[in-house]
Amino acid sequence: MRCSPPRSSSPSSPGSRSSGTRCGWFARVSGPWPSGRHVGRVGRGPGPVRAPVVSDLARQDGDAVLPAALAAEVILLCRERGLTIATAESLTGGLVCGELTAVPGASVAVRGAVVAYATDRKAALLQVPDALLADRGAVDGDVARAMAVGVRRAMLAEIGVATTGVAGPEPQDGKTVGTVFIAVSGPATDVVEELHLSGDRAQIRAETVQAALRLCRDVLRQSS
């Protein structure tokens, strides 16, 4: 899998990205998950939604957008499409849902969140198959997808967003620090993206939140 180097940005810029590499490959499927992963490229949707709350918040620095702006657009898109959303979070510990619920009026779309930090809680609360966790560990693209599907069902939401990865300081399940998988599951489409991030624990978690919100926004933009 080829990864493009990140765009440079000033460390002091709001929402600037660290020196990690973002791998923009994902699998988009309807129905059962195929055996192969990362079979497509992340598609960028059309321009920003025409709404003051989004344009006022969306201070951009290259490809970086503040998480608050991404969350505001996700809530707006959910409201426009009559969709509800829930998150299943491991390394981010509820931060993605925190950004969503910080948006005024978020209650019209947000159903809730499950913070399944321990591996066994992913199986117990989100119905991630025990065999999958035993075979690949918690940091895996198929696990991220299963988490997103599981939280949709648990929270009776149309959209599920999931994060799992290694924020450090030690590797986990044979995965290096900075390896992250995010997933978005909808009624007809599942999307998984693999990230390779660098920086300290706080930076990796913050960039994961930003990436998860961006992926969710892109999926919603492309939905009818």
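An account of the accompanying structure is given in this report. Here the structure is a predicted model, which is why all the values come from computation and not from measurement.

Before going further, it helps to spend a moment on helix α4 (residues 119-126). It helps to recall that an α-helix has 3.6 residues per turn; residues three or four apart then point in one direction. Along α4, the residues that are buried comprise Lys-122, Ala-123 and Leu-126. One side of α4 carries all its buried residues, which in axial view fall inside an arc of 110°. On the buried face of α4, the contacting elements are β5 (85-89), β6 (110-115), α5 (130-136), α6 (141-155) and β7 (159-165). At the C-terminal side of α4, Gln-127 shows a positive phi close to 60°.

Among the 5 residues that make up β5, 5 are buried, leaving the element largely enclosed by the rest of the structure. A two-sided burial pattern is seen for β5, the buried positions comprising Ile-85, Thr-87 and Glu-89 on one face and Ala-86 and Ala-88 on the other. Pairing geometry for β5 and β6, over 5 bridges, is parallel. Note that in β6 the partner of Ile-85 across the bridge is Val-110. One crossover worth recording links β5 to the parallel β6 by way of helix α3 (residues 95-101), and it is right-handed. Looking at chain direction, β5 and β7 are connected through 5 bridges and run parallel.

Here Gly-178 shows up in the loop between β7 and β8 (179-185). Residue Gly-178 is classed as buried on the basis of its relative accessible area of 1%. Here the alpha-carbon distance between Gly-178 and Glu-207, two residues 29 residues apart in the chain, equals 10.0 Å. When sequence neighbours within four positions are dropped, the list of residues in contact with Gly-178 reads Val-166, Leu-195, His-196, Leu-197 and Ile-204.

This paragraph deals with the side chain of Glu-89. Structurally, Glu-89 is set in strand β5. In this structure the side chain of Glu-89 is engaged in a polar contact, spanning 3.1 Å, whose partner is the backbone nitrogen of Gly-94. Setting aside residues up to four positions removed in sequence, Glu-89 forms contacts with Gly-94, Leu-95, Val-96, Cys-97, Val-114, Val-115, Ala-116, Tyr-117, Met-147 and Thr-163.

Further remarks concern the pairing of strand β9 (residues 190-196). By the criterion of burial, β9 is predominantly enclosed, with 6 of the 7 residues buried. In this sheet, β9 lies alongside β8 in antiparallel orientation, the contact comprising 7 bridges. Within β9, the position partnered with Ser-185 by the bridge is Asp-190. As consecutive antiparallel partners, β8 and β9 are separated by 4 residues.

Let us now look at the nonpolar core. Of all hydrophobic cores here, the largest spans 37 residues; its most connected members are Ile-85, Leu-100, Ile-159, Cys-216 and Leu-220. Counting residues per element, the ones that place at least two in this core are α2 (67-81), α3, β7, β8, β9 and α7 (201-222). By residue number, the principal contributor to this core is α7, which donates 9 residues. Those residues in contact with Cys-216 that lie beyond four places of it in its chain are Val-74, Ile-85, Ile-159, Val-161 and Val-184. The next biggest cluster of nonpolar side chains, apart from the first, holds 22 residues, and it includes Val-128, Leu-132, Val-143 and Ala-144.

Calculation rules
Residues numbered from 1 in each chain as written. Predicted model: local features only at pLDDT ≥ 70, side-chain atom pairs only at ≥ 80, totals over all residues. Heavy atoms only, no water. Buried < 20%, exposed > 50% of the residue type's maximum accessible area, 1.4 Å probe, protein only. Helix = DSSP H or I, 4+ residues; strand = E, 2+ residues; numbered from the N terminus. Arc of directions from axis to C-beta. Contact = heavy atoms within 4.5 Å. Pairing = 2+ DSSP bridges. Right-handed = clockwise from strand over helix to strand, strands pointing away. Polar contact = N/O pair within 3.5 Å; in protein donor to acceptor, adjacent residues only side chain to side chain. Core = buried A, V, L, I, M, F, W, Y, C linked by side-chain atoms within 4.5 Å.

By themselves these figures say nothing about function.
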